[in-house]
Amino acid sequence: VSGNNWSTINTNNIGASSEIIAKKTDGTLWSWGRGAYGELGQNDIVNRSSPTQIGTDAKWALTCGGPIVVGATKTDGTLWTWGWNGWGQLGHNNLVQLSSPTQLPGTTWPISTTGADNVNMAMGYASHVIKQDGTLWSWGNNENGNLGFNNDNNGYSSPTQVGSDTTWKSVTDGMAKFTAATKTDGTLWAWGTDGAGYLGQNGPVNRKLSSPTQIGTDTTWARVSQNNKDDFIGAIKTNGTLWMWAKGDRGLTAQNDLVWRSSPTQVGTDTNWKSVTIGDNHAIAVKTNGTLWGWGNNQSGELGLGSKAQENYSSPTQISGTNWSSISATANSTSIATQPYNA
């Protein structure tokens, strides 16, 4: 893609939908790919094969994409959503599909984040956003108790606060099956259904926890990642260690085996992991030294190793280059990484 002033990119999508939302350093927002549900934000349902600016505003802050749903905040603290709305996940108290950014009430939505990508928002069949005051708000599909309201009602079509805590730090959603989040005190929490052990409670699986439940007792969790499709999770601690759990097919937990795990398990002994992104049966991670690593399914070449000769990798395998800065992996067997631009 031409240009050297791109700053962030979001490709966290699912199924046949392959929208890409990207922000430039000048604060403008751009989209391309599939637009059948209005997820490109161009006030139509047209597919686009090149970046097209969304409106004319130059004050976009954070972006987050899920299954044919997009959310973005502006520097004034407002939150805007568009795309498919079958579960009310756009948050406008209705089920109406929107093909252009539409504002939700409030001006205290997140405008900044820590780390290599957005950890304050998770959009999909269910939506979760951490406000500037540290409160967590959820809406959309709730059939698995994944919104955290201590029930499994069908859904909520407008933002509703989860409990009263003001210490939420990062949040991720597992396709309305479960939600995982960290707090500022370094604790890790999960809720929803536990079909593949992704609630991290060391079993039993196939149960529901419809309110936030702490995973273990550690207070050193920094961030958690999931891609809104597959049932495996990655998290990084403040000491730079990487941990994976849940579905182990194709080597997804990076333990050099295919074993499913129902509690966080450390990947190797390295202490320089920066961020991990979950894709379609694969994971990509960046280290603080600028190296890029992948594992899991490589059938479509999504690990970027220059070959599809080996279909699965069950431990982190380095991708060439040493100046990688961020990564976005889609639920469509695609990975997009960025490098710093040096004028």
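Model, not experiment: these values are computed from the prediction.

Here the focus is the sheet that holds strand S6 (residues 69-74). Strand order in the open sheet made by the four strands is S5-S6-S7-S8, with antiparallel pairing throughout. Two strands lie at the open edges of the sheet, namely strand S5 (60-66) and strand S8 (98-103), each paired on one side alone. The mean inter-strand angle of the sheet, taken between neighbouring strand axes irrespective of direction, is 15°.

The strand order S17-S18-S19-S20 describes an open sheet built from four strands, whose pairing is antiparallel. The sheet terminates laterally at strand S17 (221-225) and strand S20 (261-266), the two strands that pair on one side only. Adjacent strand axes in the sheet meet at a mean angle of 20° when their direction is disregarded. Two elements, S17 and strand S18 (residues 232-237), share four bridges in a ladder whose sense is antiparallel. Its bridge partner lying in S18, Trp 221 is registered against Lys 237.

This paragraph deals with unusual backbone geometry. With phi around 50°, Met 175 is a residue other than glycine that occupies positive phi space. Secondary-structure assignment places Met 175 in the loop between strand S13 (168-174) and strand S14 (178-183). One non-glycine residue, Ala 176, lies in the positive phi region at around 65°.

A few words on the nonpolar core. Formed by 30 residues in total, the largest nonpolar core has its most connected members in Val 224, Phe 232, Leu 242, Met 244, Trp 245, Val 276 and Trp 295. Here this core gets five residues from one element, more than from any other, and that element is strand S19 (residues 242-246). Apart from residues no more than four positions distant in its own chain, Leu 242 is found in contact with Ala 235, Ile 236, Thr 265, Gln 266, Val 267, Trp 273, Val 276 and Trp 295.

Our focus in this paragraph is the packing of aromatic side chains. Scanning the model with the defined rule gives twelve aromatic pairs in all. Put simply, the rings of Trp 60, Trp 80 and Trp 82 pair up and form one aromatic cluster. Sitting above the plane of the Trp 109 ring, Lys 131 keeps its charged end 4.6 Å from the centroid. Looking at Lys 237, its charged tip hangs above the ring of Trp 243, at a distance of 4.1 Å from the centre.

Calculation criteria
Residues numbered from 1 in each chain as written. Predicted model: local features only at pLDDT ≥ 70, side-chain atom pairs only at ≥ 80, totals over all residues. Heavy atoms only, no water. Pairing = 2+ DSSP bridges. Helix = DSSP H or I, 4+ residues; strand = E, 2+ residues; numbered from the N terminus. Axes fitted to C-alpha atoms, helices over the stretch in contact; angles between N-to-C directions. Core = buried A, V, L, I, M, F, W, Y, C linked by side-chain atoms within 4.5 Å. Buried < 20%, exposed > 50% of the residue type's maximum accessible area, 1.4 Å probe, protein only. Contact = heavy atoms within 4.5 Å. Phe/Tyr/Trp six-rings, centres within 6.5 Å; stacked < 30°, edge-to-face > 60°. Lys NZ or Arg CZ within 6 Å of the ring centre and 35° of its normal.

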